[in-house]
Amino acid sequence: MSPTAKKSLNPLSLKERIKVPRQLMPEQPAEVRAHNFSEVNLGYSPELAQQEAIRCLECAKPTCTVNCPVGVKVKEFVELIVIGDFLGAAAKIREDNVLPAITGRVCPQEDHCEGKCLLSKKVKPLGIGYLERFVADYEKRMGTHIVPSVPPTGKKVAVVGSGPSGLTVAGDLIQRGHKVRVFEALHELGGVLVYGIPEFRLPKQIIREQLDYMREMGVEFETDVVVGRTVTIDELIGEEGYDAVYIGTGAGLPQFMNIPGEHFNGVYSANEFLTRINLMKAYKFPTYDEPMLDLQGRDVAVIGGGNTALDAIRSALRLGARKAYVLYRRSDAEMPARAEEVHHARQEGIDFQMLTAPVEFLSDGKGWLTAARCVRMELGEPDASGRRRPVPIQGSEFNLPLSVAVIAIGTSANPIVQSTTPGLGTNKRGYIQASEETQRTTRKGVFAGGDIVTGSATVILAMGAGRRAAKSIHDYLTTGNWETAQESPAPRA
Ligand code: FAD
Ligand code: SF4
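Residues numbered from 1 in each chain as written. Chains lettered and ligands numbered in written order. Predicted model: local features only at pLDDT ≥ 70, side-chain atom pairs only at ≥ 80, totals over all residues. Heavy atoms only, no water.

Below, the discussion takes up the site of ligand 1. Every one of the 35 residues lining ligand 1 counts as a neighbour, but Val-106, Glu-184, Arg-201, Val-227 and Asp-451 are closest to it. Contacts to ligand 1 include Val-227, whose backbone N or O atom sits 2.9 Å from a nitrogen atom. The backbone of Val-459 places a nitrogen or oxygen atom 2.9 Å from an oxygen atom of ligand 1. Protein coverage of the free-state accessible area of ligand 1, which is 1000 Å², stands at 93%. Looking at the shell around ligand 1, the elements with two or more residues in it are α9 (164–174), α14 (307–318) and α18 (459–479). Looking at which element gives the most residues to the shell around ligand 1, the answer is α14, with three residues. Viewed by domain, the shell around ligand 1 spans two of them, domain 2 (156–252 + 412–479) and domain 3 (256–409), each represented by three or more residues. (Near = heavy atom within 4 Å. Polar contact = N/O pair within 3.5 Å; in protein donor to acceptor, adjacent residues only side chain to side chain. Areas by Shrake-Rupley, 256 points an atom, 1.4 Å probe, with all protein chains shown as cover. Helix = DSSP H or I, 4+ residues; strand = E, 2+ residues; numbered from the N terminus. Domains from an automatic or database assignment.)

Here is the structure:
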């Protein structure tokens, strides 16, 4: 732990800071929130935020920043919270992160900033995500945001997909004076942030406000446009005169288990299940009635252990499920979901059946799901992913009565754009090939990033790719140079 040379504005000594406990996030009681879709976490008050902020050790080489995919200057923004300059703290975060109200809520901080916090060698890490969320929400309450005015460059860019990577590209490029139009296949903007992550984790109003801000800055949006069907990339560059195109179409194609009975009524992909809840507004039950998702008194299981699985099963619980199971074929240690979501799900009464996988779905003979035939697992040697391979235990099969099963074992790339864009290179799994530094694809003037390049990842990684792409697109537009583009400094949000 090495303090900085600059005089600290923190009133506590390093020893005193370690003694301050991590401030708990106020939250709805588990037994209450299990029956509503309101946000689980209620947010820090200014006092709690300052009490948490004074725990920061102000390391000379802050590993939190190095481990944040967009390099948020954690030490600097936390110090501004310590002295009560919350708007200054928000501005400091926005230098690197255009969506702090979102990342503060959904980043897997334990894998990024907080995972490398030096405090965690002795005590709990600094609540960086909680603090980020606090300043973003504070800024919103104060109603202070500056709409930058930039002279137009005369260049125009098409962004395909309105998820976090597309929105980041659009936000960065509009601030460099380029005209930007975002094309979205669905009728709502926001990508997984809207159709995947439920209201109780990320209120849709936050995305709407972000979109309003982007509209104020001049970004244009067009929904219900499936690029590759309604219009092709070649048409955007040719007839429609776009100077560059960014593809941020995500990885939304659901994967199935390919086990008997997966076609029965009552078996859903997580994608369909969550889209019905989020976009067809089943979460506003009974105001909006989505008959296919009447789960009152029914037994529901989700298969998988990621954020998607937990979002699906916690939504099912809120829609009235009697029993809500997670069936995961590995153990707690391998679960990819955010630690906080696993903790919250357990508090809410989700039944985690670890080391368990379905091998077949059973029906009533009329095509309706009645049970999952499951097998217990033990962990063997590590597989290609480095995680220990689940191995079925002979003779451990049992039937779990169910009326709804949700498959959340992963997604893959939707091929529409790739298959309609000649010369656009893809890898063997169908993801678009793009440079890691510049997000340039094999087609001149076409850039790509986020899940459509990496496979299903995280919001902040998608945003990081969007940020790199915006720099690279700007460079291409201003120099016309495709081969040896230079990186240029990021805009200030
Ligand atoms: P997306 O968010 O998938 O957006 C792509 C957009 O492109 C979509 O709106 C799609 O409709 C649109 N599109 C696709 N094809 C076309 C086309 N041909 N024409 C026009 N538009 C098109 N990450 C976290 O960091 N924390 C979490 O807590 C978390 N929870 C998650 C929960 C769920 C349920 C899911 C599914 C994912 C979660 N993730 C989480 C992962 C994260 O949301 C993704 O990694 C991230 O959204 C990827 O961003 P993206 O911009 O690449 O793509
Ligand atoms: Fe941490 Fe995410 Fe904020 Fe980066 S953007 S500091 S990883 S919460």
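A word on unusual backbone geometry. Despite not being glycine, Glu-58 has its phi angle at roughly 50°, a positive value. Relative to the helices and strands, Glu-58 is located in the loop between α3 (46–53) and α4 (63–66). Although it is not a glycine, Asp-224 adopts a positive phi angle of roughly 60°. Tracing the sequence through the fold places Asp-224 in the loop between β3 (220–222) and α12 (233–237).

In this section: the sheet that holds strand β7 (residues 299–303). Read from one edge to the other, the open sheet built from five strands follows the order β6-β14-β7-β8-β9, with strand pairing classed as parallel. Edge positions in the sheet fall to β6 (267–269) and β9 (351–354), since each has one partner strand and no second. On average, each strand axis in the sheet is tilted by 20° relative to the strand beside it, whichever way the strands run. In this sheet, strand β14 (residues 404–407) lies alongside β7 in parallel orientation, the contact comprising four bridges. In the sheet register, Val-300 faces β14, and the bridge partner there is Val-404. Sheet strands in contact with helix α13 (residues 270–278) are β6 and β14, and its direction is about 85° off that of β6. (Pairing = 2+ DSSP bridges. Axes fitted to C-alpha atoms, helices over the stretch in contact; angles between N-to-C directions. Contact = heavy atoms within 4.5 Å.)

Let's shift gears to the nonpolar core. Residues Phe-77, Ile-81, Ile-102, Leu-131 and Ile-473 are the most contacted members of the largest nonpolar core, which totals 77 residues. A per-element tally of this core places α18 first, with nine residues. Looking at which domains feed residues into this core, each of domain 1 (14–142) and domain 2 (156–252 + 412–479) gives three or more. Among residues more than four places away in sequence, those in contact with Ile-102 are Leu-193, Leu-202, Ile-206, Ile-207 and Val-459. (Core = buried A, V, L, I, M, F, W, Y, C linked by side-chain atoms within 4.5 Å. Buried < 20%, exposed > 50% of the residue type's maximum accessible area, 1.4 Å probe, protein only.)

Two strands in a sheet stick together by hydrogen bonds in their backbones, pointing the same way (parallel) or opposite ways (antiparallel). Across the sheet, which stays open at both edges, the five strands sit in the order β3-β2-β1-β4-β16 with parallel pairing between neighbours. Among the strands making up the open sheet, the edge pair consists of β3 and β16 (446–448). The average angle at which neighbouring strand axes cross in this sheet is 20°, direction not considered. Here three bridges tie strand β4 (residues 244–247) to β16, and the two strands are oriented parallel to one another. Bridge pairing in β16 links Ile-247 to Ala-448. Strands in contact with α9 are β1 (156–160), β2 (179–183), β3 and β4; relative to β2, the strand with the most contacts, it is inclined by about 165°. Where α18 meets the sheet, its contacts fall on β1, β4 and β16, and the angle it forms with β4 comes to roughly 170°.

Turning to the packing of α13 against α14, a few remarks are in order. Running from amino to carboxyl end, α13 crosses α14 at an angle of 50°, the nearest separation of the two axes being 10 Å. Looking at the two axes, α13 sits oblique to α14. Remark: the crossing between α13 and α14 carries left-handed chirality. Here Ala-270, Phe-273, Leu-274 and Ile-277 of α13 come into contact with α14, specifically with Thr-308, Asp-311, Ala-312, Ser-315 and Ala-316. (Parallel < 35°, antiparallel > 145°, perpendicular 65-115°, else oblique. Left-handed = near helix turned anticlockwise from the far one by under 90°.)

So, on to the packing of aromatic side chains. The full count for this structure, using the stated rule, is 10 aromatic pairs. Centre to centre, the rings of Phe-86 and Phe-134 are 5.0 Å apart; their planes meet at 90°, and the pair counts as edge-to-face. Of this pair, Phe-86 sits in helix α6 (residues 86–94) while Phe-134 sits in helix α8 (residues 128–142), placing them 48 residues apart in sequence. The pair Phe-86 / Phe-134 is uniform in exposure class, with both members buried. Here the aromatic rings of Phe-86 and Tyr-138 are separated by 5.0 Å at their centres, their planes lie at 75°, and the arrangement is edge-to-face. Taken as a pair, Phe-86 in helix α6 and Tyr-138 in helix α8 lie far apart in primary sequence, 52 residues in all. Both residues of the pair, Phe-86 and Tyr-138, belong to the buried class. Through a chain of ring-to-ring contacts, the aromatic side chains of Phe-86, Phe-134 and Tyr-138 assemble into a single cluster. Against the face of Trp-482 rests Arg-440, its NZ or CZ located 4.8 Å from the ring centre. (Phe/Tyr/Trp six-rings, centres within 6.5 Å; stacked < 30°, edge-to-face > 60°. Lys NZ or Arg CZ within 6 Å of the ring centre and 35° of its normal.)

With that settled, consider the site of ligand 2. Inspection of the region around ligand 2 gives Cys-68, Val-72, Asn-97, Thr-103, Cys-107, Gln-109, His-112, Cys-113, Ile-128, Glu-132 and Ile-460 as its neighbouring residues. Each residue belonging to the shell around ligand 2 can be placed in one class, and the counts come to six nonpolar, four polar and one charged. (Nonpolar A, V, L, I, M, F, W, Y, C, P; charged D, E, K, R; others polar.)

The subject of this paragraph is helix α11 (residues 204–217). Helix length check: α11 (14 residues) gives 20 Å between terminal C-alpha atoms against 20 Å at 1.5 Å per residue, within 8%. Every buried residue of α11 is accounted for by Lys-204, Ile-206, Ile-207, Gln-210, Leu-211, Tyr-213, Met-214 and Met-217. Backbone geometry just downstream of α11 places Gly-218 in the positive-phi region, at approximately 115°. (Expected span 1.5 Å × (residues − 1).)

The domain boundaries assigned to the protein delineate domain 1 (14–142), domain 2 (156–252 + 412–479) and domain 3 (256–409). Taking only C-alpha atoms, the centre of domain 1 and the centre of domain 2 are 28 Å apart. Counting residues at the interface gives 20 residues for domain 1, matched by 20 residues for domain 2. Between domain 1 and domain 2, roughly 1900 Å² of surface is buried when both sides are summed, and carbon and sulfur atoms account for 74% of that area. Between domain 1 and domain 2 we count one salt bridge in total. (Buried area = accessible area lost by both parts, 1.4 Å probe. Salt bridge = Lys/Arg side-chain N within 4 Å of Asp/Glu carboxyl O.)

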